[in-house]
Amino acid sequence: MDVQTTGVTYEKVDTAYFEKRGLKRYAGVASLWALGVGAVISGHFSGWNLGLGSGGWGGMFIAAVLIAIMYLGLTFSIAEMSPALPHTGAAYSFARTAMGPWGGFITGLCENVEYVITPAVVVFFIGSYLGSIFGTPPEFQPVYWVFGYVVFVGLNVVGVELSFRVTLVVTLLALACLVAFWVSAFPVMDFSRWALNIAADGTQLPDGNGPFLPHGIGGALAAMPFAVWLFLAIEQLPLAAEESVDPRRDMPRGIILGILTLIVSAFMILWLNSSVPNGSFALATSGEPLLDGFRAIYGSGLAKVLALIAVIGLIASFHTIIYAQGRQIYSLSRAGYFPRWLSITHGTRKTPHVAMLAGAIVALALMLVVWFSVGAERGSAIIGGTLLNMAVFGAMLSYIMQALSCILLKTRHAHIERPYKSPFGIAGAALTVIIAVVTLGFQLADPTYRAGVIGVAIWFALGIVYFAIAGRHKLVLSPEEEFALTKGEAEYRTY
């Protein structure tokens, strides 16, 4: 007997279906905090600094404040929704209850772009660092990528206990690296001399003491897409809901502690990394700003050791986003939005190994096709630029959908029990939407980002065609779907 509602069909499955798709509870507050912070922390090692070229230090500071406000609104909204809807689907689950099957699927696609593409970009940067450390030629880069995926997908497959332990260790190590830099920078920093060394015409001021906003408020707004890297992926934390020991209590605590940690770290690195010799002007075009900061303090003789330190931050994000990738694909396939075989979990370890392998294969295949079809130099630009922008664009769309979900759940489904309520309420969610839309506008204004938008459009087109033709007629009453039907939809018809 199938169930039909709002243009979709649910196929009846037996208990064996879910027995093959079980997860294991393990994570407490510390594990959840590490999952959220670890996913983001590589953005404090590199990426954010490119915004200095758009807005100067003052512009980047304003952009970081605005983006921090956006993420505060987002994370507190998620902190309210995740214990109320404690399912692995996270963003898809929120939107499914608030907007129906199509809203849930579109939101899931947005996150899918982010979580499949982001680890590919991170492992590309890991390969670049390792290549400079070990002196390997550019042609050797794909070996690093394959090795990285094999090791860290393997660690995630072995078991949730090991996965969270590794996450906690590498996150603490990455934060320790950042703290070591902050302590090292204090004795040599000179904010006016180095952070304010960009002139209004974009040239370098040798003696510093330049304008706070060399490119005006427009430059600050243009820097917003780069400030996203200081917080990108904190929203993945609710994907661990069904592996959390007590998601109703621990999920809000984990995500709030995570965003507060990241805000402190983000503004410390923005302040201190820009205030050591070479300063904002040099960092604006640097691919390794933290490493350049260490070099300015200790000299280039320790370059390889310092590069290994920088790799730790990248590894933390790579490992944790692979975790998120697996759970995100797992949840959509368990519910039938993606092919169901993707949601089968390991028989004894209860990890979504098929979903993680599939995501890794898609990302690696995309990287290798680009690399070998256009060559190493242009391939590097596409992977480090276009693919990165695809991930950011997908993330921003998912933020808008999640904030809208929060508003709709509050206005249309106030009866749903909420163990935690956001102190910012609807206003915080609405502010998230506004800032995300403005950030998207500046992304689209940048020609580099437009190529990524085209990539996301292709991804969406393929997903929507599949769902319209086949996927919407093969849905399953997974926890996310059953909750939406019983709590979110007033009635449905049975045939």
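In the block above lies the structure referred to throughout.
I will try to describe carefully the structure that is included in this document. (Residues numbered from 1 in each chain as written. Predicted model: local features only at pLDDT ≥ 70, side-chain atom pairs only at ≥ 80, totals over all residues. Heavy atoms only, no water.)

## Focus on the overall build of the protein
Next, step 1: Each helix and strand counted, the protein has 18 helices and 3 strands in total.
Next, step 2: Considering only C-alpha atoms, the protein reaches an extent of 75 × 45 × 40 Å along its principal axes.
Next, step 3: Split into buried and exposed, the 495 residues of the protein put 59% on the buried side.
Next, step 4: For the protein, the proportion of contacts with a sequence separation of at least 24, taken over those separated by at least 6, is 83%. (Helix = DSSP H or I, 4+ residues; strand = E, 2+ residues; numbered from the N terminus. Buried < 20%, exposed > 50% of the residue type's maximum accessible area, 1.4 Å probe, protein only. Contact = heavy atoms within 4.5 Å.)

## Observations concerning the packing of aromatic side chains
Next, step 1: If you walk through the whole model with that rule in mind, you get 25 aromatic pairs.
Next, step 2: Relative to phenylalanine 191, the ring of tryptophan 57 has its centre 4.8 Å away and its plane inclined at 85°; by these criteria the two rings are edge-to-face. Highlighted residues: tryptophan 57 in helix 3 (residues 51-84) and phenylalanine 191 in helix 7 (residues 191-195), separated in sequence by 134 residues.
Next, step 3: Under the relative-accessibility criterion, tryptophan 57 is labelled buried at 8%.
Next, step 4: Using a relative accessible area of 24% as the deciding quantity, one classes phenylalanine 191 as partly exposed.
Next, step 5: With a centroid separation of 5.2 Å and an interplanar angle of 75°, the aromatic rings of tyrosine 71 and tyrosine 399 are classed as edge-to-face. Separated by 328 residues along the polypeptide, tyrosine 71 in helix 3 and tyrosine 399 in helix 15 (residues 376-412) bring together distant segments of the chain.
Next, step 6: For tyrosine 71, a relative accessible area of 0% puts it in the buried group. (Phe/Tyr/Trp six-rings, centres within 6.5 Å; stacked < 30°, edge-to-face > 60°.)

## Quick word on a nonpolar patch on the surface
Next, step 1: On the surface, a cluster of nonpolar side chains totalling about 350 Å² of accessible area is made up of Val65, Ile69, Leu431, Ile434 and Val438.
Next, step 2: For the nonpolar patch, the secondary structure elements donating two or more residues are helix 3 and helix 16 (425-445).
Next, step 3: Per element, the largest residue contribution to the nonpolar patch is 3 residues, and it comes from helix 16.
Next, step 4: Secondary-structure assignment places valine 438 in helix 16.
Next, step 5: Residue valine 438 is classed as partly exposed on the basis of its relative accessible area, which comes to 31%. (Patch = residues over 30% accessible without salt bridge, like charges linked within 9 Å, V, L, I, M, F, W, Y side chains within 5 Å. Areas by Shrake-Rupley, 256 points an atom, 1.4 Å probe, with all protein chains shown as cover. Salt bridge = Lys/Arg side-chain N within 4 Å of Asp/Glu carboxyl O.)

## Some details on helix 17 (residues 447-469)
Next, step 1: Taking 1.5 Å of rise per residue, 23 residues should cover 33 Å, and helix 17 covers 34 Å from first to last C-alpha, within 8% of that figure.
Next, step 2: Within the span of helix 17, buried status applies to Tyr449, Gly452, Val453, Gly455, Val456, Trp459, Phe460, Gly463 and Phe467.
Next, step 3: Of the surrounding elements, those touching the buried residues of helix 17 are strand 2 (8-10), helix 4 (91-134), helix 9 (224-227), helix 14 (353-374), helix 15 and helix 16. (Expected span 1.5 Å × (residues − 1).)

## Some points on the nonpolar core
Most often, soluble globular proteins have nonpolar side chains that are buried together.
Next, step 1: Judged by nonpolar contacts, the single largest core of 151 residues is most densely connected at Ile41, Ile67, Tyr71, Trp145, Tyr149, Phe181 and Phe231.
Next, step 2: Per-element accounting of this core gives the leading share, 18 residues, to helix 4.
Next, step 3: Once you skip the residues sitting within four places of it in the chain, phenylalanine 231 turns out to touch Val40, Ala64, Ile67, Ala68, Tyr71, Ile259, Leu262, Ile263 and Ala266.
Next, step 4: Ranked by size, the runner-up nonpolar core spans 7 residues in total, among them Ala90, Tyr115, Ala233 and Ile321. (Core = buried A, V, L, I, M, F, W, Y, C linked by side-chain atoms within 4.5 Å.)

## Some points on the side chain of glutamine 236
Next, step 1: Examined against the element boundaries, glutamine 236 turns out to sit in the loop between helix 9 and helix 10 (247-273).
Next, step 2: Here threonine 320 takes part through its backbone oxygen, which lies 3.2 Å from a polar atom of the side chain of glutamine 236.
Next, step 3: Sequence-distant contacts of glutamine 236, that is, excluding residues within four places in its chain, are made with Leu35, Ala39, Tyr115, Thr320, Ile321 and Ala324. (Polar contact = N/O pair within 3.5 Å; in protein donor to acceptor, adjacent residues only side chain to side chain.)

## Description of the environment of isoleucine 263
Next, step 1: Along the chain, the position of isoleucine 263 falls in helix 10.
Next, step 2: Of the residues examined, isoleucine 263 reaches a relative accessible area of 18% and is grouped as buried.
Next, step 3: For isoleucine 263, the residues in contact, after removing those within four places along its chain, are Leu72 and Phe231.

## Brief notes about the side chain of threonine 171
Next, step 1: Locating threonine 171 in the fold gives a position in helix 6 (residues 160-185).
Next, step 2: On the accessibility criterion, threonine 171 (0% relative accessible area) is buried.

## Some thoughts on the packing of helix 4 against helix 5 (residues 141-158)
Next, step 1: For the pair helix 4 and helix 5, the least separation of the axes is 8 Å and the interaxial angle reads 125°. Accordingly, the angle class assigned to the pair helix 4 and helix 5 is oblique. Viewed along their axes, helix 4 and helix 5 form a crossing whose handedness is right-handed. In contact with Val116, Pro119, Ala120, Val123, Phe124, Gly127, Ser128, Leu130, Gly131 and Phe134 of helix 4, helix 5 contributes Gln141, Tyr144, Trp145, Gly148 and Tyr149. (Axes fitted to C-alpha atoms, helices over the stretch in contact; angles between N-to-C directions. Parallel < 35°, antiparallel > 145°, perpendicular 65-115°, else oblique. Left-handed = near helix turned anticlockwise from the far one by under 90°.)

## Some points on the packing of helix 3 against helix 10
Next, step 1: Running from N to C, helix 3 and helix 10 point in directions that differ by 175°, and their axes come no closer than 9 Å. One way to sum up the angle between helix 3 and helix 10 is to call them roughly antiparallel.
Next, step 2: Classifying every residue of the contact of helix 3 with helix 10 gives 23 nonpolar, 2 polar and 1 charged. (Nonpolar A, V, L, I, M, F, W, Y, C, P; charged D, E, K, R; others polar.)

## Let's talk about unusual backbone geometry
Next, step 1: Backbone geometry places asparagine 209, a non-glycine residue, at a positive phi of 60°.
Next, step 2: Checked against the element boundaries, asparagine 209 lands in the loop between helix 7 and helix 8 (216-222).
Next, step 3: Unlike most non-glycine residues, alanine 233 shows phi in positive territory, near 95°.
Next, step 4: Relative to the helices and strands, alanine 233 is located in the loop between helix 9 and helix 10.

## Observations regarding the state of the cysteines
A disulfide bridge is the covalent bond that connects two cysteines by way of their sulfur atoms.
Next, step 1: Enumeration according to the criterion identifies 0 disulfides in this entry.
Next, step 2: For cysteine 110, which is in no disulfide, the shortest distance to another cysteine sulfur is to cysteine 406 and amounts to 17 Å. (Disulfide = S-S within 2.5 Å.)

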